[in-house]
Amino acid sequence: MKEQNEGYSSNSNSNSNPNASAAVALKYDGEKAPTITATGTYELADEIIRIAREHNVPLYENAELAGILARLSLNDEIPENLYRVIAEILAFAFHIRGRTPEDAGRDTSASSADE
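Residues numbered from 1 in each chain as written. Predicted model: local features only at pLDDT ≥ 70, side-chain atom pairs only at ≥ 80, totals over all residues. Heavy atoms only, no water.

*Asks:* Explain the nonpolar core here, please?
*Replies:* In a soluble, globular protein the nonpolar side chains are often hidden away together inside. Leu26, Leu65, Leu69, Ile78 and Ile86 are the most contacted members of the largest nonpolar core, which has 14 residues in total. What Ile78 contacts, discounting residues up to four positions off in sequence, is Leu26, Ala33, Pro34, Leu69, Leu72, Tyr83 and Ile86. Listed in part, the 6 residues of the second largest apolar core include Ala38, Ala45, Ile48 and Ile49. (Core = buried A, V, L, I, M, F, W, Y, C linked by side-chain atoms within 4.5 Å. Buried < 20%, exposed > 50% of the residue type's maximum accessible area, 1.4 Å probe, protein only. Contact = heavy atoms within 4.5 Å.)

Now the structure itself:
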């Protein structure tokens, strides 16, 4: 998986089944609004989270947000009414990785290989 600025939102509830776990992956390239790159429940949600951890992608847990994002289709941009909350999550993800929003879309695999 090419390292872009991706954040994952996971939860323990989905709208279709209150006992289902769900995960949503977002990609931000710095050019347009973040897009949905993966969604899943149950085992697929676990796999999305496993891959995120394997690639040191920051995780963010918010059941309500994951439920909203899970209704979108793959490659959909996040809706404008979620820009602020997603921007705050991405800003935090950049911060904990020692990066800035200006780094979005840059291939950082060479520098992250040294970490």
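Anyway, onward from the coordinates.
*Asks:* Looking at this model, I keep getting lost on unusual backbone geometry. Mind explaining?
*Replies:* What you tend to see is this: most non-glycine residues have negative phi, and most peptide bonds are trans. Of note, the phi angle at Tyr42 is positive, near 55°, even though the residue is not glycine. Within the secondary structure layout, Tyr42 lies in helix α1 (residues 42-54). (Helix = DSSP H or I, 4+ residues; strand = E, 2+ residues; numbered from the N terminus.)

*Asks:* Please explain the environment of Thr100 as it appears in this structure.
*Replies:* Examined against the element boundaries, Thr100 turns out to sit in the loop between α3 (83-96) and α4 (109-113). Remark: the alpha-carbon pair of Thr100 and Leu90, spanning 10 residues in sequence, is separated by 9.5 Å.

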